[in-house]
Each structure stands twice: as C-alpha cells, then as structure tokens.
Amino acid sequence: MATVFLNKSHLFYNLDKISSVNPNILVVIKDNAYGHGIFSVSKMLKEYGIKKVCVRNVDEANLVRDFEEILIFNPPANRNAINFSYAINSLTQLKKNRHPYIHLKIDTGFRRNGILEDELDEALEIVLKKEFEIRGVFSHFCCADEVGCDTFIQYDKFLKIKEKIEKFCQNHNLKRPYFHIANSASLFKLPDTLDYVRPGIAIYGGIEGFKPVMSLVADVVSVRELDSKEGCGYNKTFMSDEKIKISTIDIGYADGIPYFKNGCKLKDTVALGKISMDYMIVKGEFKKVVVFDDIKEFVKNFDTITYDILVKISPRIKRRIIESNNGNST
Ligand SMILES: *Cc1c(COP(=O)(O)O)cnc(C)c1O
C-alpha cells in the first residue's frame, strides 16, 4: 500500500525559519493541510505550539475545533463557536453575517475578495451597530512570488487602512484587532510583517528555502521483463530499445498524481509510458519506490505548481508521521 510520510523535523524547521521573521504564525491548513492530512498536520502543529490556524470552510473548522482560534476563509452566516473567526469577504456578506467574531478582509488589489477601501466606513458602521468584535484585519497579495511593485503598492494601501481602523477602534473604545498580510512568498520581502504572518506553502516546504514535508512511497505490485522493441502500458507510448526489468507500483492518477502520457521522473527511477488509474510502470526492479520526496523536484515533470499537486494527493492514502529523515515512524 502506498504511504504518505510526513517529516516532522522538516515541518519544525520550516516553522523555526518562519518564526525567525515573526513568531506569531497563523498557519494555513486549508484544503486538508495542502493535501498533507489535516489531522496529522494539526497534531504536529499543536506539538510545536501553534495556537491559530486558517481553514477553508466550517466543515474543516469542525475537524480541528480545539485550536485557540480558527479563521474560516469562506464562512457561512450563522453564529458559531467562540474560537471560530469568520473572514468577511464583502460588504454584502457582512450585512448577512450573524457570527460576532470576525476578521475584515480588505481588497488591496488582488480583486478577488474583500471590503473595498471606499466601503470601509460603511463596514465599520455595521460592525458598531451589530456589535461585532473585529479580531483581525487582513489582506492577500496577488504577486508576492514575482519581482515587481504590486506587493508594495498593496502593502502601503493596507498600512493606510490599518491606521484608519486603529483610530476608529481607539475612538470607539474597541479592542485593537491584529493585522496580517504576509503569505509565504512575501515573508522575507516586507519591511515589517505586522502582527501575524499567514503562510501556507512555506510550512509544507513547497517553495525554495523550506524543507519538503511530504514524501510519497509506493509498493511494488509486480515485476517483469520487457524485451527490446517491446512497449508497455496503455497505447505503448514507451518502447524499450533494450531488455529491461520493469516494476508496477500501486499508485496512479486516481491518487492525485497528474496525468502523464510519456514518462515522468521519480526520485530514483523513471515512470514509463502512460500513467494508469491505479498504477504506474517504472524502470527497474524494486520492492518500494519513492514517487517523490521533494515536491519542488517532482513538479518539474508537469506544467503546474507545487500547491496543485500536493493538494490533490488523495486523502485515502495512509499518512504516517516520521520524526526525521532516517526513519523512526510513529
Ligand atoms: C491560501 C492562502 C494563504 C497562504 O498562501 P501561501 O502562498 O500558501 O503562503 C494566505 N492567505 C490567504 C487568504 C489564502 O487564501
């Protein structure tokens, strides 16, 4: 059976590195912790001392109820648990909302979600009238992984809004909310990362400078010999020009590996021809095959991003936490 191994020492390394920029970390564990497994990842985060997490929706929040605070990016309208915070993605949503603990999302230029600058006064009036508690105020960068000025334009806009909200809270004797804008790609770019940082992919080691948390290991189902000038797999898109041993491993595109038609580079060998639904044929004779142990390398096979592969790795595959690089699984 294929297994996803989660490397705890790599996860802790990534958390240490982020802490060196800002120890107040809101860890993004949306979408099954970027495919790693929300329960296993939450367990390790708690051990590290993480208190606040971000999830996609209320179903995910209910899976990890016992963090101190859970920010729900796309919440419903109804009132909910006291440690749940609802992201406010629009003025319309704010008007319908009945949950008292909120984070105001500000659209500083992404143009996806958030209150607009010229809606802010109205939003703050609603907050007063409905007696909501603004726990946080945040925004999201659209281009932090590029060189360019967008990030700093957004950042400056956010600082202005921050000042305005701080003044508003002072004037109305409200508790000052905490401000957060830094995603993974912006961690080392900003002059000041404000009260909290809000990284996702860096936690899991899906960008440069961070260590990969997930490795995927498959079992060999059968081994055979391929003759010279013999093909293998659907439509025989791979033809061998020599006699070789091949192994079939128990993982395919049904497990979330992107489809490929003509081979793929794995950690220590190559997959041959087309990937099947539940299997891949690889070159060589093995008992186990590491499909990948660094998503940054594996992604080079495909026209996509590390996030996209990680998040689709099937939740049906068993997750095992390992303490370090050299085994000792728990
Ligand atoms: C997904 C997400 C993040 C994390 O982004 P990374 O690029 O993975 O660090 C942060 N904030 C919001 C609002 C998000 O949706």
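Analysis parameters
Residues numbered from 1 in each chain as written. Predicted model: local features only at pLDDT ≥ 70, side-chain atom pairs only at ≥ 80, totals over all residues. Heavy atoms only, no water. Helix = DSSP H or I, 4+ residues; strand = E, 2+ residues; numbered from the N terminus. Expected span 1.5 Å × (residues − 1). Buried < 20%, exposed > 50% of the residue type's maximum accessible area, 1.4 Å probe, protein only. Arc of directions from axis to C-beta. Contact = heavy atoms within 4.5 Å. Core = buried A, V, L, I, M, F, W, Y, C linked by side-chain atoms within 4.5 Å. Domains from an automatic or database assignment. Axes fitted to C-alpha atoms, helices over the stretch in contact; angles between N-to-C directions. Parallel < 35°, antiparallel > 145°, perpendicular 65-115°, else oblique. Left-handed = near helix turned anticlockwise from the far one by under 90°. Nonpolar A, V, L, I, M, F, W, Y, C, P; charged D, E, K, R; others polar.

### Looking at helix α7 (residues 150–171)
Each full turn of the α-helix corresponds to 3.6 residues, which orients residues three or four apart in the same direction. The first and last C-alpha atoms of α7 sit 32 Å apart over 22 residues, in line with the 32 Å expected at 1.5 Å per residue. For α7, every residue scored as buried is listed here: Thr-151, Gln-154, Tyr-155, Phe-158, Ile-161, Lys-162, Ile-165, Phe-168 and Cys-169. Summarising the axial view, the buried residues of α7 lie within an arc of 140°, below the 170-degree limit, and thus occupy one face. In this structure, α7 carries Ile-153, Lys-160, Glu-163, Lys-167, Gln-170 and Asn-171 as exposed residues pointing more than 90 degrees from its buried face. Lining the buried residues of α7 we find α6 (120–130), β7 (133–138) and β8 (178–182). Note on α7: the residue one or two positions beyond its end, Asn-173, has a positive phi of about 55°.

### A short note on the environment of Tyr-178
Structurally, the position occupied by Tyr-178 is in strand β8. Sequence spacing of Tyr-178 and Glu-285 is 107 residues, and the spatial spacing of their C-alpha atoms is 55 Å. Sequence-distant contacts of Tyr-178, that is, excluding residues within four places in its chain, are made with Leu-26, Lys-52, Glu-69, His-103, Arg-135, Gly-136, Val-137, Asp-195 and Tyr-196.

### Remarks on the nonpolar core
With 99 residues, the main nonpolar core has Ile-29, Leu-45, Ile-251, Ile-257, Val-291 and Phe-298 as its most contacted residues. Among the domains, domain 1 (8–197) and domain 2 (214–293) are the pair contributing at least three residues each to this core. Residue contacts for Ile-257: discarding those within four places in its chain leaves Leu-216, Ile-251, Gly-252, Ile-275, Met-280, Val-291, Phe-298 and Ile-313. By size, the runner-up hydrophobic cluster in this structure holds seven residues, among which are Leu-226, Ile-246, Leu-272 and Ile-281.

### A short note on the packing of helix α1 (residues 8–21) against helix α3 (residues 38–48)
As a packed pair, α1 and α3 sit with axes 11 Å apart at the nearest point and diverge in direction by 50°. Taken together, the axes of α1 and α3 lie oblique to each other. The handedness of the crossing between α1 and α3 comes out as right-handed. Residues Lys-8, Leu-11, Phe-12, Leu-15, Asp-16 and Ser-19 of α1 pack against Met-44, Leu-45, Glu-47 and Tyr-48 of α3. Within the contact of α1 with α3, the residues separate by chemical class into six nonpolar, one polar and three charged.

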